[in-house]
Amino acid sequence: MSEDVEPSATEPVVPARAAHRAQRGQASRFLGRKAGRDPQPTVTPSPLSSASYTVSADSVGASSVSVLGGAAATAERFADAQPRAATLIPPSQLEARSISAWFGDHQVLHDVSLQMPAGQVTALIGPSGCGKSTFLRILNRMHELVPSASLAGEVRLDDDDIYDAGHRLVDARKKIGMVFQKPNPFPAMSIYDNVVAGLTLAGIRASRSEKDVLVETCLTKAGLWRELKDRLRAPGGGLSGGQQQRLCIARSLAVKPRVLLMDEPCSALDPTSTRVIEETMSELAREVTIVIVTHNMQQAQRVSQQCAFFLASQGQPGHIVEHGDTDAMFASPIDPRTFDYVNGRFG
């Protein structure tokens with residue numbers, strides 16, 4: 001299970017208040033920001049993302065689009081959508097530099113630096129309570145939604161610091177999407193409307209024909225089109241757990257994220273649904289950088305190209321013990337604690 005957002009009041013507080021405030025004051029422009037102070041509206045916990053609305057329609061024909069939304073999409077309508085379809089935006093590199101994080105006076109992360117290469121899957125592994133999910137939320141500025149949260153350090157998306165004072169919160173969350181542990185489609189909203197909901201919330205306008213193309217494209221990438229193409233007006237809440245999770249992935253793809261964060265997306269799913277989600281991740285990694293938190297070591301080996309092992313021991317905040325190529329991390333880790341963890345000796 002993912003770490004709780006708010007640590008227990010009974011947990012030890014380290015370091016002392018004066019010491020960690022001094023450290024935080026030197027490093028972070030976000031220090032002390034409380035939820036609701038940012039001038040941008042609070043984003044509901046749905047995986048929305050990306051810099052601009054672009055649709056790749058090369059493989060979509062008018063006959064397939066015609067079933068969308070119960071509308072008779074003619075060849076002319078489809079042709080009208082194509083001129084506005086843009087070239088695929090390449091995935092971006094994400095980098096965390098010297099990240100430390102607190103909830104009140106309780107430090108949960110200490111000096112975490114990690115490069116997450118473009119077009120690859122990076123797996124964050126480690127026992128519960130070591131700060132993996134907190135780190136993931138920091139990567140798209142969700143950490144600051146917690147009133148007592150603060151942090152130090154930088155998060156750079158292709159060398160652009162998303163915590164810079166001139167960087168809008170909503171822009172960061174468009175570019176860096178999020179898929180949560182528990183599927184969260186809008187239950188009463190149709191499958192079709194679930195996919196295009198991200199456009200509305202991101203303030204992106206699109207014609208009906210563009211939405212038709214977008215729905216088929218995103219559902220295809222999420223591995224759902226064949227299953228749901230005849231049920232697009234059915235409510236999203238009526239799908240199975242695995243289908244709901246893939247619908248959330250499709251919704252996040254609708255606004256073209258550069259990075260997709262996934263917080264234990266398969267922990268509540270059966271093995272068959274897990275396999276499909278993993279196949280979806282492998283396909284998506286060609287066009288979007290993926291960072292996934294998982295407690296499943298076999299899953300980390302199957303889907304990721306690099307791993308980062310987090311650990312919090314003896315009352316100390318979470319930190320990265322070791323990171324690097326996934327095969328090397330599992331076959332011949334440098335740190336004995338990594339060897340013990342990936343081989344199931346603790347955690």
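Residues numbered from 1 in each chain as written. Predicted model: local features only at pLDDT ≥ 70, side-chain atom pairs only at ≥ 80, totals over all residues. Heavy atoms only, no water.

Novice: Got a minute to help me understand the overall build of the protein chain in this structure?
Specialist: Helix and strand counts for the protein chain stand at 13 helices and 10 strands. The burial tally for the protein chain puts 54% of its 347 residues in the buried class. Within the protein chain, counting contacts between residues at least 6 apart in sequence, those at least 24 apart form 74% of the total. Accessible area of the protein chain: about 14600 Å², with a carbon and sulfur share of 51%. (Helix = DSSP H or I, 4+ residues; strand = E, 2+ residues; numbered from the N terminus. Buried < 20%, exposed > 50% of the residue type's maximum accessible area, 1.4 Å probe, protein only. Contact = heavy atoms within 4.5 Å. Areas by Shrake-Rupley, 256 points an atom, 1.4 Å probe, with all protein chains shown as cover.)

Novice: Would you take a moment to explain helix α6 (residues 191–201) for this structure?
Specialist: Residues that lie three or four places apart on an α-helix share one face, since the helix turns once every 3.6 residues. The buried fraction of α6 amounts to eight of the 11 residues, a majority that puts the element mostly inside the structure. Downstream of α6 by a residue or two, G203 has a phi angle that is positive, lying close to 75°.

Novice: What am I meant to see in the pattern of salt bridges here?
Specialist: Working definition: two side chains of opposite charge can pair if their charged atoms are close together. Across all of its chains, the model carries 15 salt bridges by this definition. Among the salt bridges present, the one from E95 reaches R97, with a minimum N-O distance of 3.4 Å. The class for E95 is buried, based on a relative accessible area of 15%. Owing to a relative accessible area of 31%, R97 belongs among the partly exposed residues under this scheme. For the salt bridge of D335 with R337, the shortest nitrogen-to-oxygen distance reads 3.0 Å. Among the ionic contacts, a cluster of salt bridges with common partners joins E95, R97, E154 and R156. (Salt bridge = Lys/Arg side-chain N within 4 Å of Asp/Glu carboxyl O.)

Novice: How should I be thinking about the sheet that holds strand β4 (residues 149–157) in this particular structure?
Specialist: Whenever strands of a sheet pair, they do so through backbone hydrogen bonds, lying parallel or antiparallel. Taken in spatial order, the four strands of this open sheet run β2-β1-β4-β5, and their pairing is antiparallel. With partners counted over all chains shown, the strands left at the sheet margins are β2 (106–116) and β5 (160–161), one partner each. In this structure, strand β1 (residues 94–103) lies alongside β2, joined through seven bridges in antiparallel fashion. Its bridge partner lying in β2, E95 is registered against Q115. (Pairing = 2+ DSSP bridges.)

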